Amino acid sequence: MTTVPTAVARPEGTVADTVRRLAGAQKGAQGAPAYSRFVNRRLGRVLAALAFHARLTPNAVTGISAVCTFTGIAVLALLPPSWPMGLAVALLLALGYALDSADGQLARLRGGGSPAGEWLDHMVDALKIASLHLALLIGLYRSETVDAVWLLLPLAFSVVDVVHFFVTLLNDALRAAHGGTSRAARTSGQRPSVLRSLLVLPTDYGLLCLVFVLLGAPQVFLAAYGLMFLGTAGYLAVASVKWYREMGRLSA
């Protein structure tokens, strides 16, 4: 989203027509984790079409996404773990994530986005990443459902997730500043790898949203949550070596 549209496009046809138009315009998400690629983008497409026909702005969709996400985070921190609570958290977070995909697609339907809209989107994402695991820590501490040592897990996951989010944005900024090729440009025309999407599934925020369903059985939840932490931390460690070498080549 880099340009401000000079005129807002008017909805034509049905919502289904708009969904098909979006599907035809989108390219495969090279390397995106499986849930984000195969489920969330499609949900976002439908929500973007509905928002387009409702004459909502991308910033309004970002705002609705934030309300869903932070309501889920508040529930996570304030209510004791149970199956209904876990289901509510998972649904709220997943809906917020789908709307997060929808705002960018809606901006393209309307002719483009704005720097302010992109800033708002990233700001909401940063706040979400920084607070989600800490809300889990607070909720587990308040409910006293697990031994205190397990509270270190969401604390460690928070560090890994924040660093992962930051370094992803930093990589793009450094490539742009030093004449590097963006990830999108490097993968343009390549067939998206299904295998890679499955291999990086532990880093998938969408899958993390669904894992919260298991809060009704805290030990089962912690096992699944811990596996996602290990997968994300391992990916970050390996990818960081590759990214450091890439950044070194930019100054050569």
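Attention in this report is confined to the structure presented alongside it. Note that this is a predicted model, so its numbers are computed, not measured. (Residues numbered from 1 in each chain as written. Predicted model: local features only at pLDDT ≥ 70, side-chain atom pairs only at ≥ 80, totals over all residues. Heavy atoms only, no water.)

1. So, the packing of helix α3 (residues 58–78) against helix α4 (residues 83–109)
Then comes step 1: For the pair α3 and α4, the least separation of the axes is 8 Å and the interaxial angle reads 160°. Comparing their axes, α4 and α3 come out roughly antiparallel. As α3 packs across α4, the resulting crossing turns out to be left-handed.
Then comes step 2: In terms of residue class, the contact of α3 with α4 is built from 17 nonpolar, six polar and two charged. (Axes fitted to C-alpha atoms, helices over the stretch in contact; angles between N-to-C directions. Helix = DSSP H or I, 4+ residues; strand = E, 2+ residues; numbered from the N terminus. Parallel < 35°, antiparallel > 145°, perpendicular 65-115°, else oblique. Left-handed = near helix turned anticlockwise from the far one by under 90°. Nonpolar A, V, L, I, M, F, W, Y, C, P; charged D, E, K, R; others polar.)

2. Some thoughts on the nonpolar core
Then comes step 1: The biggest cluster of nonpolar side chains holds 35 residues, and the ones touching the most others in it are Leu-76 and Phe-212.
Then comes step 2: Secondary-structure elements contributing two or more residues to this core are α3, α4, α5 (115–143), α6 (152–177), α9 (205–211) and α10 (218–250).
Then comes step 3: Of the residues forming this core, the biggest block, eight residues, is contributed by α10.
Then comes step 4: Residues in contact with Phe-212, not counting those within four places in the same chain, are Leu-76, Gly-86, Val-89, Ala-90, Leu-93, Leu-132, Leu-136 and Phe-221.
Then comes step 5: Counting residues in hydrophobic clusters, the runner-up holds ten residues, among them Ala-48, Ala-51, Phe-52 and Leu-99. (Core = buried A, V, L, I, M, F, W, Y, C linked by side-chain atoms within 4.5 Å. Buried < 20%, exposed > 50% of the residue type's maximum accessible area, 1.4 Å probe, protein only. Contact = heavy atoms within 4.5 Å.)

3. Points about the packing of aromatic side chains
Any aromatic ring pair is given by two values, namely how distant the centres are and how the planes are angled relative to each other.
Then comes step 1: Using the criterion set out here, one finds six aromatic pairs in the structure.
Then comes step 2: Relative to Trp-243, the ring of Tyr-235 has its centre 6.3 Å away and its plane inclined at 80°; by these criteria the two rings are edge-to-face.
Then comes step 3: The exposure class of Trp-243 is buried, given its relative accessible area of 11%.
Then comes step 4: By the ring-pair criterion, three or more aromatic residues cluster together here, those being Phe-157, Phe-212, Phe-221, Tyr-225 and Phe-229.
Then comes step 5: Seen from the ring of Tyr-205, Lys-128 lies directly overhead, with NZ or CZ sitting 4.3 Å from the centre. (Phe/Tyr/Trp six-rings, centres within 6.5 Å; stacked < 30°, edge-to-face > 60°. Lys NZ or Arg CZ within 6 Å of the ring centre and 35° of its normal.)

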